[in-house]
Amino acid sequence: MTIVKDSANRYYASFVVEINPESLPKTDNSIGIDLGISTFATLSNGEKILAPKPLKKNLKKLAKFQRKFAKTEPGSKPRERRRLKIARLHAKIKDISFPSECCANGMLRKRTDFLHKLSTNLVKKYDTIVLEDLNVSGMVKNRKLSKAISDLGWRQFRTLTETKCEKYGREFRVINRWEPTSQKCSYCGFRGGKKELNVREWTCLNCGTFHDRDVNAAINIRMGC
Ligand SMILES: [Zn+2]
């Protein structure tokens, strides 16, 4: 057993066990997943999964900070101020310690717990799971900022899902981040062009299908776009 003390003076015990992986029955179902901020995950079957509340509140705040940051001039003082605000909030999300009860780092545990349960449920239900590639570093050049974005839990979710798929013989696929998952009509394939982030629902100009933005994206992800 290895005892680890982290930078916040928390102790962890870590040890290895050997297990026989249980096999899961084939379901012949596949699912596409669109990851987002206000809705953590939208599934191609229309299901929406929300993040635990304290996390959601802070993530929304983070998104707001990031929008404001993007509007500042590179190299300017306001930009540095915004960057600092983001870094601080990021540290808070990641590392809140000793909240109310006895357990240290309540929020982080809550998030990890949420991600574990979600990934396990998905792996049980579906033979094939398709995610979008999280090319966060390409999205934002600032390294510290991209780290903040990448830590919304998406990366951890992907790692957990991938590992569990491997363990239980499920198929795990990732499609390119730059595929037009939110532009293309998942029903007829018509490309309606770029949509602003505040457009949550739209109607296809070609076939008239009414779409929820995230569900449509998740269906495209499932089909590999
Ligand atoms: Zn259409």
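Residues numbered from 1 in each chain as written. Predicted model: local features only at pLDDT ≥ 70, side-chain atom pairs only at ≥ 80, totals over all residues. Heavy atoms only, no water.

1. Things to note about the overall build of the protein
Okay, step 1: Tallying secondary structure elements over the protein gives seven helices and nine strands in all.
Okay, step 2: Here the protein holds 225 residues, and the buried ones make up 39% of them.
Okay, step 3: Here the analysis covers contacts within the protein between residues at least 6 apart in sequence; of these, 61% occur between residues at least 24 apart.
Okay, step 4: Of the accessible surface of the protein, which amounts to about 13800 Å², a share of 51% is contributed by carbon and sulfur atoms. (Helix = DSSP H or I, 4+ residues; strand = E, 2+ residues; numbered from the N terminus. Buried < 20%, exposed > 50% of the residue type's maximum accessible area, 1.4 Å probe, protein only. Contact = heavy atoms within 4.5 Å. Areas by Shrake-Rupley, 256 points an atom, 1.4 Å probe, with all protein chains shown as cover.)

2. Remarks on the coordination of the zinc ion
Okay, step 1: The protein atoms that coordinate the zinc ion are Cys 185 (SG), Cys 188 (SG), Cys 204 (SG) and Cys 207 (SG), at distances spanning 2.3 Å.
Okay, step 2: Here the zinc ion binds four donor atoms, and the angle range of 107 to 110° at the metal identifies the geometry as tetrahedral.
Okay, step 3: As a motif over one chain, the donors of the zinc ion read C-x2-C-x15-C-x2-C. Highlighted residues: Cys 188 in the loop between strand 7 (171-175) and strand 8 (201-203) and Cys 207 in the loop between strand 8 and strand 9 (210-212), separated in sequence by 19 residues.
Okay, step 4: Residue classification places Cys 188 among the partly exposed residues on the basis of a relative accessible area of 33%. (Donors = N, O, S within 2.8 Å, 3.2 Å for Na, K, Ca; no water. Tetrahedral: all angles 85-135°; square planar, octahedral: opposite > 155°, others 65-115°.)

3. Digging into helix 7 (residues 213-222)
Okay, step 1: Burial of helix 7 is extensive: eight of the ten residues sit out of reach of the surface.
Okay, step 2: Arg 213, Asp 214, Val 215, Asn 216, Ala 217, Ala 218, Asn 220 and Ile 221 are the residues of helix 7 that are buried.
Okay, step 3: Regarding helix 7, its N-cap is Asp 212, as a side-chain oxygen of that residue lies 3.0 Å from the backbone nitrogen of Asp 214 further along.
Okay, step 4: The first or second residue beyond helix 7 is Gly 224, which carries a positive phi of 80°. (Polar contact = N/O pair within 3.5 Å; in protein donor to acceptor, adjacent residues only side chain to side chain.)

4. Here's the deal with the pattern of salt bridges
As a working rule, side chains carrying opposite charge can pair if their charged atoms are close by.
Okay, step 1: Inspection of the entire model under this criterion finds seven salt bridges.
Okay, step 2: With a closest N to O distance of 3.0 Å, Lys 48 and Asp 212 form a salt bridge. On the criterion of sequence distance, the pair formed by Lys 48 in strand 5 (residues 48-49) and Asp 212 in strand 9 is long-range, its members being 164 residues apart.
Okay, step 3: For Lys 48, a relative accessible area of 37% puts it in the partly exposed group.
Okay, step 4: The partly exposed category is assigned to Asp 212, whose relative accessible area is 25%.
Okay, step 5: Within this structure, Lys 48, Arg 200, Asp 212 and Asp 214 form a network of salt bridges that share partners. (Salt bridge = Lys/Arg side-chain N within 4 Å of Asp/Glu carboxyl O.)

5. Digging into the sheet that holds strand 6 (residues 128-132)
Okay, step 1: Strand order across the open sheet formed by five strands is 5-4-3-6-7, with mixed pairing between neighbours. With one partner strand each, in any of the chains shown, strand 5 and strand 7 form the two edges of the open sheet.
Okay, step 2: As paired strands, strand 3 (residues 30-35) and strand 6 are joined by four bridges and run parallel to one another. In the sheet register, Gly 32 faces strand 6, and the bridge partner there is Val 130.
Okay, step 3: Its contacts with the sheet place helix 6 (residues 154-168) against strand 3, strand 6 and strand 7, and it is angled at close to 145° to strand 7. (Pairing = 2+ DSSP bridges. Axes fitted to C-alpha atoms, helices over the stretch in contact; angles between N-to-C directions.)

6. Quick notes on the confidence of the model for the protein
Okay, step 1: Per-chain confidence: the protein averages 81 in pLDDT, with 76% of residues scoring 70 or above.
Okay, step 2: For the protein, per-element mean pLDDT is lowest for helix 4 (residues 136-139), which scores 46, and highest for strand 9, which scores 95.
Okay, step 3: Note on residues 96-105: pLDDT is under 50 here. Beyond four places in sequence and across chains, it has 17 contacts.
Okay, step 4: Counting interchain partners and residues more than four positions distant, the pLDDT-below-50 stretch residues 136-141 has eleven contacts. (pLDDT = per-residue confidence, 0-100.)

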